[in-house]
Amino acid sequence: SRIKNTGKRLLIWSYKHSKIDAIYHKQGTKKSEEAPHFFSWKGNDMKVLLGAVNAKYIHSNLAVYSLKAYAEDPAVEIGEYTINQQMEDVLADLYEHRPDVIGFSCYIWNIPYIEKLVRELKKLLPQVQIWLGGPEVSFDAEKVMEEYPQLTGIMLGEGEQTFLELAQHYRSGESGEEALSRI
């Protein structure tokens, strides 16, 4: 099995180009209004949003487009924003999308903005599962997970195959650690 129980988190390994990608997620969340179970999903009508917070309007985040293209999933949408936009405007747009799962690509120029966004987003959409990826969060994923309890997980390394398997998992409606062990 590629799944390892590390106490508070499960570590799931996915191999691509001889590199190890890992996904950390919270374990043991109980189903409730405030903290929905990680595996409670709507199946095929799930919406996944990949969020890009760029430095300027003229910039584009290639990572989210690469993940979407690789996943070949029509339920995966892209939302592009800039660090110069008002937080309220970005939150309003995210609320209109009403994603079940959202992933942000984190870089040196957008990490302070995304950190604030994650905190506020969970208040606005408490059921949304929030994933982060990119160089600003992958070097010390466990610390980031501890600092931001709003996060569901962090994708490390090259994420195309890992994201594909994660999106398929969410859309399948399967539940439990056994389903995740196939990622």
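Structural data are supplied above this passage.
A brief structural summary.

Rules of the game
Residues numbered from 1 in each chain as written. Predicted model: local features only at pLDDT ≥ 70, side-chain atom pairs only at ≥ 80, totals over all residues. Heavy atoms only, no water. 1 Å grid on protein atoms, 1.4 Å probe; cavity = no way out; pocket = protein on both sides within 12 Å on 5 of 7 lines; lining within 4 Å. Points joined across faces, edges and corners; volume = space filled by probe spheres on them. Helix = DSSP H or I, 4+ residues; strand = E, 2+ residues; numbered from the N terminus. Nonpolar A, V, L, I, M, F, W, Y, C, P; charged D, E, K, R; others polar. Contact = heavy atoms within 4.5 Å.

1. Thoughts on the layout of surface pockets
For step 1, the next point in the chain: Estimates place the volume of the largest pocket at around 270 Å³.
For step 2, the next point in the chain: Forming the walls of the largest pocket are 19 residues, and the residues nearest its centre are Ala63, Leu67, Gly133, Gly134 and Gly159.
For step 3, the next point in the chain: At the level of elements, α1 (62-71), β6 (101-105), β7 (129-133) and α4 (135-138) are the ones that each hand at least two residues to the lining of the largest pocket.
For step 4, the next point in the chain: Classifying every residue of the lining of the largest pocket by side-chain character gives ten nonpolar, seven polar and two charged.

2. What about empty space enclosed by the protein?
For step 1, the next point in the chain: Counting across every chain of the model gives one cavity of 30 Å³ or more.
For step 2, the next point in the chain: One number sums up the size of the largest cavity: a volume of about 50 Å³.
For step 3, the next point in the chain: Those elements giving two or more residues to the lining of the largest cavity turn out to be β4 (48-54), β6 and α6 (160-172).
For step 4, the next point in the chain: Across the lining of the largest cavity, the residue classes tally to nine nonpolar, one polar and no charged.

3. Here's the deal with the environment of Val48
For step 1, the next point in the chain: Here Val48 shows up in strand β4.
For step 2, the next point in the chain: Considering only alpha carbons, one finds Val48 and Gln129, 81 residues apart in sequence, at a separation of 9.4 Å.
For step 3, the next point in the chain: Once residues within four sequence positions are removed from consideration, Val48 is found in contact with Ala75, Val76, Glu77, Val101 and Phe163.

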